[in-house]
Amino acid sequence: MIHVRLPDGSSRELSDGASAKDLALSIGPGLAKAAVAAKVNDAIVDLARPLPDGAEVALLTKRDPEALEVLRHSAAHLMADAILRVYPKAQLTIGPVVEGGFYYDIYSPDEKISPDDFAKIEGEMQKIAKAGVAFERHEVGGGAGDEVYARYKAIDGGNNKFKQEIVDGLKAQGATLSFYKHGDFVDLCRGPHVPDTGWLKHVKLTHISGAYWRGDADREQLIRVYGTAFFSKEDLKEHLDLIEEAKKRDHRVLGEQLDLFTFNEEAPGFPFFAPRGTMLFNLLVDYMRSLLRRRGYKEVKTPLILSEELWHTSGHYDNYLENMFFTKLKLRDEKEPSHIHDNVEEERPMAVKPMNCPGHLMVYRTRHHSHNEFPLRFAEMGLVHRREMSGVRHGLFRVQAFTQDDAHHFCTPDQIEGEIGMLIDFFKEVYGAFDLDDVRIELSTRPEKSIGSDEMWEKAESALENALDHKGIEYVVNAGDGAFYGPKIDFHIRDVLKRSWQCGTIQLDFSMPERFGLTYIGADGNKHTPVMLHRACYGSLERFMGIIIENYAGKFPLWLAPEQIQVLPISEKFFDYAKEVTAKLLDAGLRAEANLKDDRVGYKIRQASLQKIPYQIVVGEKEQENGTINVRSRDKGELGEMSLEAFLNSVSEERDPKRAAAPSQAA
RNA sequence: GCCCGCAUAGCUCAGCUGGUAGAGCAAUGCUUUCGUAAAGCAUAGGUCGUUGGUUCGAAUCCGACUGCGGGCUCCA
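A brief look at the structure comes next. Fair warning: this is a prediction, and the values are worked out from it, not measured in the lab.

Turning next to the protein's contact with RNA strand B. As a matter of local geometry, RNA strand B sits amid 52 residues, with S209, Y212, R398, D598 and Y603 nearest to it. The sugar-phosphate backbone supplies 49% of the atoms of RNA strand B found within 4 Å of the protein. The contact in question runs from a sugar or linking oxygen of RNA strand B to an N or O atom on the side chain of Y226, over 3.4 Å. E621 places a main-chain nitrogen or oxygen 2.7 Å from a base oxygen of RNA strand B. Elements with a minimum of two residues in the surface near RNA strand B: β12 (202-212), β13 (221-230), α8 (251-257), β26 (500-509), α18 (601-610), α19 (621-626) and β33 (629-633). The greatest single-element share of the surface near RNA strand B, amounting to 7 residues, is contributed by α18. In terms of residue class, the surface near RNA strand B is made up of 15 nonpolar, 15 polar and 22 charged.

All right, on to the pattern of salt bridges then. Summed over all chains, the structure comprises 34 salt bridges. Across the pair E122 and K204 runs a salt bridge, and its minimum N-O distance is 4.0 Å. Placement of E122 in helix α4 (residues 118-131) and of K204 in strand β12 is noted, with a sequence separation of 82 residues between them. E122 gets classed as buried once you look at its relative accessible area, which sits at 16%. A salt bridge links R295 to E429; its shortest N-O distance comes to 3.3 Å. Of this pair, R295 sits in the loop between α9 (275-294) and β16 (298-299) while E429 sits in helix α13 (residues 416-433), placing them 134 residues apart in sequence. Take R295: its relative accessible area is 3%, and that puts it in the buried class. Residues joined by salt bridges that share partners form a network here, namely D81, R85, E124 and K127.

Attention now goes to the sheet that holds strand β29 (residues 531-540). As summarised here, the arrangement of the 8 strands in space is β16-β21-β22-β29-β26-β25-β23-β24, forming an open sheet in which the pairing is mixed. Strands at the two margins of the open sheet, each flanked by one partner only, are β16 and β24 (476-478). Of the pairings in the sheet, the one linking strand β25 (residues 488-494) to β26 comprises 6 bridges and is antiparallel in character. By the bridge assignment for β26, K488 is matched with Q507.

All right, on to the packing of aromatic side chains then. Each aromatic ring pair is described using two quantities: the centre-to-centre distance and the angle formed by the ring planes. Throughout the structure, instances matching the rule amount to 26 aromatic pairs. Ring plane angle 80 degrees and centroid distance 6.0 Å describe the contact between F261 and F263, whose orientation is recorded as edge-to-face. Since its relative accessible area comes to 4%, F261 is described here as buried. For the ring pair F484 and Y485, a centre distance of 5.1 Å and an interplane angle of 75 degrees mean the geometry is edge-to-face. As far as the burial class goes, F484 and Y485 line up, both buried. The positively charged end of R295 is found above the aromatic ring belonging to F426, 4.1 Å away from the centroid. Sitting over the face of the ring of Y297, R377 holds its NZ or CZ atom 5.6 Å from the ring centroid.

Our focus in this paragraph is α9. Look at α9: 29 Å from first C-alpha to last across 20 residues, which is about the 28 Å you get at 1.5 Å a residue. Looking at α9, one finds that the buried residues are G277, L280, F281, L283, L284, V285, Y287, M288, L291 and L292. The first or second residue beyond α9 is G296, which carries a positive phi of 75 degrees.

Turning our eyes to something else, we now look at the nonpolar core. One finds F426, F434, F544 and L560 to be the most contacted residues of the largest nonpolar core, which totals 65 residues. Considering each element in turn, this core owes the most residues, 10 residues, to α13. Those residues within four positions of F426 in sequence are excluded, and the remaining contacts are M288, L291, L292, R295, Y297 and R535. Listed in part, the 37 residues of the second largest apolar core include L60, V70, L84 and V194.

Note: disulfide means a covalent bond formed between the sulfur atoms of two cysteine side chains. All chains considered together, the criterion is met by 0 disulfides. The thiol sulfur of C357 is not disulfide-bonded, and the nearest other cysteine sulfur, from C411, lies at 15 Å. Look at C357 and you get buried, because its relative accessible area is 2%. Taking relative accessible area as the criterion, C411 reaches 0% and is therefore assigned buried.

This part takes up the side chain of R386. Topologically, R386 is positioned in the loop between β21 (376-385) and β22 (401-411). No salt bridge is formed by the buried R386. Its closest oppositely charged neighbour is E388, at 6.2 Å. A polar side-chain atom of R386 sits 3.3 Å from a polar atom in the side chain of Y320. In this structure, R386 is in contact with Y320, N323, F325, P354, M355, V399, Q400, F402 and Q404, ignoring residues within four places of it in sequence.

Further remarks concern the environment of P375. Take P375: it is sitting in the loop between α12 (357-365) and β21. C-alpha separation for the pair P375 and L508, spaced 133 residues apart in sequence, amounts to 14 Å. Apart from the residues within four sequence positions on either side, P375 is in contact with F410, C411, Q415 and E419.

A few words now on the sheet that holds strand β5 (residues 57-61). Taken together, 3 strands build an open sheet; the order of strands is β4-β3-β5 and the sheet is antiparallel. Two strands lie at the open edges of the sheet, namely β4 (43-45) and β5, each paired on one side alone. Averaged over all pairs of adjacent strands, the angle between strand axes in this sheet comes to 30 degrees, irrespective of strand direction. Note: strand β3 (residues 35-40) against β4, 3 bridges, orientation antiparallel. Opposite V40, over in β4, you have A43 as the bridge partner. Lying on the sheet, helix α1 (residues 20-27) is in contact with β3 and β5; it crosses β5 at an angle near 80 degrees. Across the sheet, helix α3 (residues 65-86) lies against β3, β4 and β5, angled at about 115 degrees from β3, the strand it touches most.

On the surface, L304, I305 and L383 cluster together to form a nonpolar patch covering roughly 220 Å² of accessible area. Tracing the backbone through its elements, the reader meets L304 in the loop between β16 and β17 (305-307). The partly exposed category is assigned to L304, whose relative accessible area is 37%.

What counts, and at which threshold
- Residues numbered from 1 in each chain as written.
- Chains lettered and ligands numbered in written order.
- Predicted model: local features only at pLDDT ≥ 70, side-chain atom pairs only at ≥ 80, totals over all residues.
- Heavy atoms only, no water.
- Near = heavy atom within 4 Å.
- Polar contact = N/O pair within 3.5 Å; in protein donor to acceptor, adjacent residues only side chain to side chain.
- Helix = DSSP H or I, 4+ residues; strand = E, 2+ residues; numbered from the N terminus.
- Nonpolar A, V, L, I, M, F, W, Y, C, P; charged D, E, K, R; others polar.
- Salt bridge = Lys/Arg side-chain N within 4 Å of Asp/Glu carboxyl O.
- Buried < 20%, exposed > 50% of the residue type's maximum accessible area, 1.4 Å probe, protein only.
- Pairing = 2+ DSSP bridges.
- Phe/Tyr/Trp six-rings, centres within 6.5 Å; stacked < 30°, edge-to-face > 60°.
- Lys NZ or Arg CZ within 6 Å of the ring centre and 35° of its normal.
- Expected span 1.5 Å × (residues − 1).
- Core = buried A, V, L, I, M, F, W, Y, C linked by side-chain atoms within 4.5 Å.
- Contact = heavy atoms within 4.5 Å.
- Disulfide = S-S within 2.5 Å.
- Lys, Arg positive; Asp, Glu negative; His and termini not counted.
- Axes fitted to C-alpha atoms, helices over the stretch in contact; angles between N-to-C directions.
- Patch = residues over 30% accessible without salt bridge, like charges linked within 9 Å, V, L, I, M, F, W, Y side chains within 5 Å.
- Areas by Shrake-Rupley, 256 points an atom, 1.4 Å probe, with all protein chains shown as cover.

What follows is the structure, encoded as structure tokens:
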């Protein structure tokens, strides 16, 4: 007899060798049917595995997030099986679960697998799922004589070097090899799996991409086939709908429809902002500036191009070279003016800034500073250029020139914690204003490529930890992901479609002030080196704009809408009245335009609606006579006839950015 | 940078197995003077991404380049 403990604290007696399935049966047939896998002493295992005596056992059903991973991993096996049926020459490598689904990397140099084949593969998967065959676990010590192992080796041709490499690696570690078999298919796998393939009916292949064996570009090119799986048809549909919705909200598409920005071949990765996009950009800047002012920041402006020498001093030349743009001279030949000498080395070569910090250090250095003016905060809407490898550019999310809402705080070591506390509140207020309240914080530590001493890094990392701990902030540690000059705190925000974006960052830097020889006069009358904090809240204004376009699906709240109101006269006879109303709206500080085209009002409404303009004001004979306006709201529909004053009153609140409930007190 | 795919009018796309281009929307003009998501008619607009090649002949077939898209990697 063995005893196991359940999550509710109770314990149960089972016969020797009993499995989690037996446990489920002993509790009730309903649970036995619903159970997917079991968590035994915090490890997730198959339902069929025998339970050890004294184990803590929790049965996982489809409600547990871990169960979904088990399901998806099983679906990966199913897909591998199906792919081998369709492409007998393909070889399998690995097939893990990822966020939102799973993939399997396939080696198939002869036969190309393409999304056109998805239907065929899915068809095979359906067949296997319908058959409802059990997943069986086999453990092998690595003995070649074992039947399952022999079958496994033969399954995709008998000479799969990828699997052999994994097997060799596991043997070298002295690990027990485990295999999972369903029907005739066998795969090396740690498990666990769902009890049988009957669970895997709600599966969909999503896309395909290239990948390398072991992520190494020098190794074999593999085909990565992605899919996703859910317990129910409804869940699968919801997931696919969410993907559809994300496609509809694609900021690149909306950017064109709403006439915000474009890209041109002449400047790949550099956005061109149309008037409305520029308005939106400026609104983001205006909002940020108002908050910076409240917190005593001093705005500065520093050059786009600085001497290459300076980037040696800052360490960027050694650590960031690949991402920088450099200038080269062109000269006319003295004797042959039509001949141009290309790429002439300058006496003092220049580089385009990829970051604003050296510029701010230069501003700091222009005069003496005292501890009395600390914390000193320099802010800049700094336009930086960074070379990106082709293939990584992506709309506004990844560009080669972008504007950072950058700032550098100069302070004493004992002011660090206060500064970080202030910034956390500050940033959360900003994200909240855009209805992005789901904020996650990560602490990134020293990367491989870095400058500064071990002591300095230790000091810096513990300063950030302390600041977070004392404020009671929950965070996860991201080891080795810091900037080359210091550790950082990153802000990840989740949008309405549950996607996560990294925006804000706070980076602590003891190195650069020293490299640039910055000093301040302390209370003791002596010179000291200040501590510097790099920080950005939006991160990149361009990218943040992309995020809010998708978060709002282009339906910006009034305060952010590039064009807030469009005035639509019924016919040409009311153009003058429409202009009059528009002028009054402009006088009231609203962004309004009149549509004076020769179109019917229905068409004008359609156009304004497609442009997602928050308010449409229709004016005709009635309004002109009464001196009123007729309001139609994008979100609430027709609001009817009213006076201009009543309208202005009704929008007075939504005209302004949302303020945080308890405005944070700036230091 | 790597793998796969794509590139036709401002936009969305048609153009079968090679015989030098077509629609809808948008634009412009005219008619209409209109009441809450598309009035009618007309006009204009393309050296089919660039560049080599195959061919009597290339938007169409092949190659290279550029750009874009989906990923990998990298990052804000």
